[in-house]
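# Summary of structural features
Here is what each chain is made of, one letter per residue.
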Amino acid sequence: AEEIFDIIRSIEDPEHPHSLEQLGVITNNNNNNNNNYQDKITVKFTPTIPHCSMATLIGLCLRVKLFRSLPPTKYKVDVLIEAGTHVSEKAINKQLRDKERVRAALENKHLSGVVDKCI
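All of the points below concern the structure found in this document. (Residues numbered from 1 in each chain as written. Predicted model: local features only at pLDDT ≥ 70, side-chain atom pairs only at ≥ 80, totals over all residues. Heavy atoms only, no water.)

Within the structure shown, the criterion is met by six salt bridges. Residue Asp6 pairs with Arg9 through a salt bridge whose shortest N-O separation is 2.8 Å. Here Arg9 falls in the partly exposed class, since its relative accessible area comes to 29%. Several salt bridges share partner residues, and in doing so they unite Asp6, Arg9 and Glu21 into one network. (Salt bridge = Lys/Arg side-chain N within 4 Å of Asp/Glu carboxyl O. Buried < 20%, exposed > 50% of the residue type's maximum accessible area, 1.4 Å probe, protein only.)

If you add up the space inside the largest pocket, you get close to 550 Å³. Looking at the lining of the largest pocket, the elements that each hand over two or more residues are helix H2 (55-69), strand S3 (76-81), helix H3 (89-97) and helix H4 (99-107). Per element, the largest residue contribution to the lining of the largest pocket is five residues, and it comes from H2. When the residues that make up the lining of the largest pocket are grouped by side-chain class, the tally is eleven nonpolar, no polar and seven charged. (1 Å grid on protein atoms, 1.4 Å probe; cavity = no way out; pocket = protein on both sides within 12 Å on 5 of 7 lines; lining within 4 Å. Points joined across faces, edges and corners; volume = space filled by probe spheres on them. Helix = DSSP H or I, 4+ residues; strand = E, 2+ residues; numbered from the N terminus. Nonpolar A, V, L, I, M, F, W, Y, C, P; charged D, E, K, R; others polar.)

Turning our attention to the pairing of strand S2 (residues 40-45). Where S2 lies against S3, six bridges are found, and the strand directions are parallel. Note that in S3 the partner of Ile41 across the bridge is Val77. In terms of handedness, the path from S2 via H2 over to S3 forms a crossover that is right-handed. (Pairing = 2+ DSSP bridges. Right-handed = clockwise from strand over helix to strand, strands pointing away.)

Checked against the element boundaries, Ile41 lands in strand S2. For the pair Ile41 and Ala1, spaced 40 residues apart in the sequence, the C-alpha separation amounts to 8.5 Å.

Core analysis: the largest hydrophobic core is formed by 28 residues, its most contacted members being Ile26, Phe45, Leu62 and Leu66. Mapped onto this core, the elements with two or more residues apiece are helix H1 (2-8), S2, H2, S3, H3, H4 and helix H5 (109-118). Counting residues per element, this core draws most heavily on H2, at eight residues. In this view, Ile26 contacts Phe5, Ile8, Arg9, Leu20, Glu21, Phe45 and Leu62; residues no more than four positions away in its chain are not counted. (Core = buried A, V, L, I, M, F, W, Y, C linked by side-chain atoms within 4.5 Å. Contact = heavy atoms within 4.5 Å.)

The structure is reproduced here in structure tokens:
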């Protein structure tokens, strides 16, 4: 969990000049390796407000940073909004789990540029 947190702690918020760690969006306690499956990593984040319009983008940044930092064939990564912290939590979690949607989002040059700037 500590290694995963070290990878993602410096990701910057898309709207503010602060890291996700500084804003309390991610904490070391919200990242874990599933004890039953050594190859599964779950990262949960808490948007700054329940109506945060950047929640999907933040989740995408987390997913991309982990994808670029970890061996892709070794780990299954889940990035989720912490339960009860966003009004659209289920819809956003569904988008973040959908590999095709993530891939399509990253094909958008503007969106890809924002992700690169944040990570």
